[in-house]
Amino acid sequence: MLRWTTHLDGGPRRVNHAAVSVGHKVYSFGGYCSGDDYETLRQIDVHIFNTVSLRWMKLPPVRTGGREHARDVPYMRYGHTAVLLEDTIYIWGGRNDTEGACNVLYAFDINNHRWFTPKISGTVPGARDGHSACILGKAMYIFGGYEQLADCFSNDIHKLDTTTMAWSLINARGTPARWRDFHSATIVGTKMFVFGGRADRFGPFHSNNEIYCNKIKVFDTETNSWLNTATTQLLPEGRRSHSAFSYNGELYIFGGYNARLDRHFNDLWRFNPETFSWKKVEPQGKGPCPRRRQCCCMVGDRIILFGGTSPCPEQGMGDEFNLMDHSDLYILDFSKYPLSLSRAHSLSQFKGLYWHGKHMFTLPKKVK
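Each chain carries its own residue numbering, running from 1 in the direction its sequence is written. Restriction of local features to residues with pLDDT of at least 70 applies here, the model being predicted, together with a cutoff of 80 or more for giving and counting side-chain atom pairs; totals for whole chains, interfaces and linings are based on all residues. As a rule here, side-chain values cover all heavy atoms of the structure and leave hydrogens and water aside.

## Considering the overall build of the chain
- Only runs of H or I of at least four residues qualify as helices and only runs of E of at least two qualify as strands under DSSP, and these elements are numbered from the N terminus. A count of helices and strands for the chain gives 2 helices and 35 strands.
- For the chain, the residues scored as buried account for 54% of the 368 residues in total.
- Accessible surface, the chain: about 17,400 Å² in total, of which carbon and sulfur atoms supply 49%. The classification of residues rests on relative accessible area computed with a 1.4 Å probe and restricted to protein chains. Under 20% of the type maximum is buried, over 50% is exposed, and intermediate values are partly exposed. Every accessible area reported is derived by Shrake-Rupley at a probe size of 1.4 Å, with residue values counting cover from the shown protein chains alone.

## Side note on the pairing of strand S14 (residues 139-143)
- Burial runs high along S14: 5 of the 5 residues are buried.
- Strands were regarded as paired on the criterion that DSSP finds at least two bridges between them. Pairing analysis gives 5 bridges linking strand S13 (residues 132-136) to S14, with the strands arranged antiparallel. Within S14, the position partnered with Ser132 by the bridge is Phe143.
- Connecting S13 to the next strand, S14, in antiparallel fashion are 2 residues, including Gly137 with a positive phi near 65°.
- For S14 and strand S17 (residues 157-161), the ladder comprises 5 bridges, and the chain directions are antiparallel. Bridge assignment links Met140 to a residue of S17, and that residue is Leu160.

## Structural notes on the sheet that holds strand S15 (residues 146-147)
- The antiparallel open sheet is built from 3 strands, whose spatial order is S12-S15-S16. Lying at the two open borders of the sheet, with one neighbouring strand each, are strand S12 (128-129) and strand S16 (152-153).
- Sheet topology note: the S15/S16 ladder contains 2 bridges and is antiparallel. Counterpart to Tyr146 in the pairing with S16 is Phe153.

## Topic: the environment of Thr175
- Relative to the assigned elements, Thr175 resides in the loop between strand S18 (166-169) and strand S19 (184-188).
- Note on Thr175: relative accessible area 52%, which makes it exposed.
- Residues are treated as being in contact if the distance between any of their heavy atoms lies within 4.5 Å. Among residues more than four places away in sequence, those in contact with Thr175 are Lys217 and Trp226.

## Looking at the nonpolar core
- Among the buried residues, those of types Ala, Val, Leu, Ile, Met, Phe, Trp, Tyr and Cys that are joined through side-chain atoms within 4.5 Å form a nonpolar core. If you look at the biggest cluster of nonpolar residues, it comprises 22 residues, and the most contacted ones within it are Tyr27, Phe29, Ala82, Ile89, Ile91, Phe108 and Trp115.
- For this core, the secondary-structure elements that each account for two or more residues are strand S2 (18-22), strand S3 (25-29), strand S4 (46-50), strand S7 (88-96) and strand S9 (106-109).
- Sort the elements by how many residues they give to this core and S2 lands first, with 3 residues.
- In this structure Phe29 touches His17, Ala18, Ile44, Asp45, Val46, His80, Ala82, Ile89, Ile91, Phe108 and Trp115, once residues within four positions along its chain are discounted.
- Membership of the second largest hydrophobic core comes to 14 residues, among which are Leu2, Val281, Leu305 and Phe334.

## Concerning the pairing of strand S28 (residues 277-281)
- In this sheet, S28 lies alongside strand S27 (residues 263-272) in antiparallel orientation, the contact comprising 5 bridges. Residue pairing for S28: Asn272 is matched across the bridge by Ser277.
- Between S27 and S28, which pair antiparallel and follow one another directly, the connecting turn spans 4 residues, one of which, Phe276, has a positive phi of 50°.

## Things to note about the sheet that holds S13
- The strand order across the open sheet formed by 5 strands is S11-S18-S17-S14-S13, and the pairing between neighbours is mixed. Taken across any chain shown, the strands that pair with only one partner, and hence form the sheet edges, are strand S11 (121-122) and S13.
- With 4 bridges connecting them, S17 and S18 associate as antiparallel partners. Looking across to S18, one finds that Lys159 is bridged to Ser168.

## Examining the pattern of salt bridges
- By convention in these notes, a salt bridge is any Lys or Arg side-chain nitrogen within 4 Å of a carboxyl oxygen on Asp or Glu. Following the criterion strictly, the structure yields 9 salt bridges and no others.
- In this structure, the salt-bridge partner of Asp181 is Arg198, at a minimum N-O distance of 2.7 Å. Of this pair, Asp181 sits in the loop between S18 and S19 while Arg198 sits in the loop between strand S20 (191-195) and strand S21 (199-200), and the two are 17 residues apart along the sequence.
- For Arg198, a relative accessible area of 16% puts it in the buried group.
- The shortest N-O distance in the salt bridge between Asp328 and Arg291 comes to 2.9 Å. Taken together, the residues span a long stretch of sequence, with Asp328 in the loop between strand S32 (323-325) and strand S33 (329-333) and Arg291 in the loop between S28 and strand S29 (295-299) at a distance of 37 residues.
- Given a relative accessible area of 0%, Arg291 falls into the buried group.
- Several salt bridges share partner residues, and in doing so they unite Arg14, Asp36 and Asp45 into one network.

## Some remarks on the side chain of Thr81
- In this structure, Thr81 sits in strand S6 (residues 78-85).
- By relative accessible area, which is 10% here, Thr81 ends up buried.
- Pairing of N or O atoms within 3.5 Å defines a polar contact, subject to two protein rules: one partner must be a possible hydrogen donor and the other a possible acceptor, and residues neighboring in sequence count only if both atoms are side-chain atoms. A polar atom in the side chain of Thr81 sits 3.0 Å from the side chain of His131.
- Excluding anything up to four places from it in sequence, Thr81 contacts Ala18, Tyr90, Ile91, Trp92, His131, Ser132, Ala133 and Ile142.

## Some details on the packing of aromatic side chains
- Pairing of aromatic rings covers Phe, Tyr and Trp, the last through its six-membered ring, and needs centres within 6.5 Å; plane angles under 30 degrees mean stacked, over 60 mean edge-to-face, and all others mean tilted. The tally for this structure, following the rule as stated, stands at 22 aromatic pairs.
- On the numbers, 6.1 Å between centres and 80° between planes, the contact of Trp4 with Tyr330 is edge-to-face. Placement of the pair is Trp4 in strand S1 (residues 3-8) and Tyr330 in strand S33, with a sequence separation of 326 residues.
- Judged by relative accessible area, which is 10%, Trp4 ranks as buried.
- Tyr330 sits in the buried class, given a relative accessible area of 6%.
- Between Tyr252 and Phe334, the aromatic rings sit 5.2 Å apart at their centres with planes inclined by 85°, giving edge-to-face as the arrangement. Highlighted residues: Tyr252 in strand S26 (residues 250-258) and Phe334 in the loop between S33 and helix H2 (341-346), separated in sequence by 82 residues. The burial state of Tyr252 is the same as that of Phe334; both residues are buried.
- Members of the aromatic cluster, connected to one another through ring pairs, are Phe193, Phe195, Trp269, Phe271, Phe276 and Trp278.
- Over the aromatic face of Phe265 sits the side chain of Arg239, whose NZ or CZ is 4.1 Å from the ring centroid.
- In this structure, Arg292 packs its charged tip against the face of Tyr257, placed 4.0 Å from the ring centre. To sit over a ring, a charge needs its Lys NZ or Arg CZ within 6 Å of the ring centre and within 35 degrees of the ring normal.

Printed below as a string of structure tokens:
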């Protein structure tokens with residue numbers, strides 16, 4: 001039974017950060033926090049959450065031996081993306097109030113915690129934030145976002161071949177997804193499923209006529225084409241700044257925000273690519289409050305969800321400029337056969353079973 005099993009407070013307070021899971025750890029990069037100094041240029045911060053000990057740690061700043069090496073370390077930013085490929089995490093895009101948006105590709109070696117900037121070639125995407133990035137094989141796909149130079153939303157797909165470190169702009173066939181930012185793009189099989197995001201009713205330029213599409217758009221990476229898809233009756237509300245992940249061949253979305261409805265969400269939906277249908281999921285346990293701009297990573301059969309921002313409850317819900325940033329973390333457990341609490345306590349000496357207060361957060365694969 002799907003269940004929210006753990007709630008922790010006291011982690012890094014972050015909004016619009018980017019994170020990936022590496023083994024039993026989650027690496028979180030940068031983000032925004034109300035009240036912090038973003039005028040002073042400084043290195044991006046890296047926080048690591050250990051899902052076994054349930055503890056956060058912050059890596060010390062990188063010692064840069066000169067101006068050249070300093071360029072290998074990304075500056076503090078938000079609205080960027082992070083993906084993992086083998087032993088390297090790639091950070092791309094995002095923006096800073098001082099420096100603006102960025103299109104430099106940064107690489108972080110998880111073995112020695114060192115930054116470097118790979119030598120790249122090809123057609124580099126324009127600097128942006130609010131885009132999506134996903135990995136399929138040895139390729140990273142970038143879609144959408146808000147381009148700084150053009151000052152408009154994007155619906156282009158860019159591909160980075162990490163074997164040659166060459167960028168290319170994909171000449172996609174079919175009817176593309178609408179120009180948008182702060183959407184999600186999730187790989188299931190060989191297809192990229194795009195959902196949500198903020199778009200404009202009249203085209204790529206932002207005119208304060210926002211729309212929030214709630215229909216799935218599918219890009220086939222084998223044919224480089226946008227597919228014509230069926231319509232479905234039951235649909236989640238359109239939203240931006242939500243979380244998305246795939247599990248057992250299905251797509252899940254959580255949370256997000258819709259400015260037209262003036263509403264934050266904390267609902268969980270499951271999309272089946274075979275039947276092209278949505279279903280609302282109701283996990284057991286107490287989950288996160290309505291929020292947007294959180295991070296969400298899968299570790300084994302568990303989803304680690306942390307951070308984000310919500311309206312301040314004491315001053316009215318849904319005010320765009322009256323938000324509180326979160327430092328909490330939740331774990332959503334997909335394990336099919338969770339132990340009862342009484343039986344789990346009796347097995348607490350079993351290797352791999354850990355407790356934090358009243359919360360059980362990892363279980364043995366088999367109990368004999």
